[in-house]
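Residue-level listing of the chains:
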Amino acid sequence: MSKFQELINQDKPVLVDFFAEWCGPCKMQAPILQDLKKNIGDAASIVKIDVDKNKAVAAQFGIRSVPTLMIFKNGEVKWKQSGVFKADELERLIKQNS
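We now turn to the structure provided with this report. Predicted, not measured: the structure shown is a model, and the values here were computed from it.

On to the pattern of salt bridges, then. Going through the model one piece at a time under the given rule, you end up with three salt bridges. We note a salt bridge from Lys 78 to Glu 76, for which the minimum N-O separation is 3.5 Å. Glu 91 is the partner of Lys 95 in a salt bridge, and the nearest nitrogen-oxygen pair spans 3.3 Å. Taken together, the residues span about one helical turn, with Lys 95 and Glu 91 both in helix 4 (residues 87–96) at a distance of four residues. A residue is classified by how much of its surface remains accessible, and Lys 95, at 59% relative accessible area, is exposed.

Rendered as structure tokens:
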């Protein structure tokens, strides 16, 4: 939990992908996030959290469906939405919350 707090307390945006191994849409989101990372470089961090292995973190942020994506900056939730998102849309949201 403290490691997660460290991650989201960065002064650059941190995109967190709450996912599960058994989730079909989560598997669709994974390569999109890889493309996004290539596009944004060090402008933001991308973190994947397996909800089955990190139940406390998932519960703390009210994750009820996967995939759920969240953008944090300085430990504060800037954006949260469930579903699969395109790389360009996520890039726009990251820039908006930089």
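Quick look at unusual backbone geometry now. For the bond from Val 66 to Pro 67, the omega torsion is -5 degrees, close enough to zero to count as cis. Examined against the element boundaries, Pro 67 turns out to sit in the loop between helix 3 (55–60) and strand 3 (68–73). If you check the backbone angles, Asn 74 has positive phi at about 55 degrees while not being a glycine. Topologically, Asn 74 is positioned in the loop between strand 3 and strand 4 (76–82).

Using the criterion set out here, one finds six aromatic pairs in the structure. With a centroid separation of 6.0 Å and 90 degrees between ring planes, the pair formed by Phe 4 and Phe 72 is classed as edge-to-face. Here Phe 72 lies in strand 3 and Phe 4 lies in helix 1 (residues 2–8), a separation of 68 residues in the sequence. Under the relative-accessibility criterion, Phe 72 is labelled buried at 0%. An angle of 40 degrees between the planes, with centres 6.5 Å apart, marks the rings of Phe 18 and Phe 61 as tilted.

Bringing the nonpolar core into the picture now. If you look at the biggest cluster of nonpolar residues, it comprises 18 residues, and the most contacted ones within it are Phe 4, Val 16, Phe 18, Phe 61, Ile 63 and Phe 72. Per element, the largest residue contribution to this core is four residues, and it comes from strand 1 (residues 14–19). Once residues within four sequence positions are removed from consideration, Ile 63 is found in contact with Phe 18, Val 51, Ala 58, Thr 68, Met 70 and Lys 80. Ranked by size, the runner-up nonpolar core spans 13 residues in total, among them Leu 15, Leu 33, Ile 40 and Leu 69.

All right, on to the side chain of Glu 91 then. Of the residues examined, Glu 91 reaches a relative accessible area of 18% and is grouped as buried. Sequence-distant contacts of Glu 91, that is, excluding residues within four places in its chain, are made with Leu 36, Asn 39 and Ile 40.

Cut-off values and rules
Residues numbered from 1 in each chain as written. Predicted model: local features only at pLDDT ≥ 70, side-chain atom pairs only at ≥ 80, totals over all residues. Heavy atoms only, no water. Salt bridge = Lys/Arg side-chain N within 4 Å of Asp/Glu carboxyl O. Helix = DSSP H or I, 4+ residues; strand = E, 2+ residues; numbered from the N terminus. Buried < 20%, exposed > 50% of the residue type's maximum accessible area, 1.4 Å probe, protein only. Phe/Tyr/Trp six-rings, centres within 6.5 Å; stacked < 30°, edge-to-face > 60°. Core = buried A, V, L, I, M, F, W, Y, C linked by side-chain atoms within 4.5 Å. Contact = heavy atoms within 4.5 Å.

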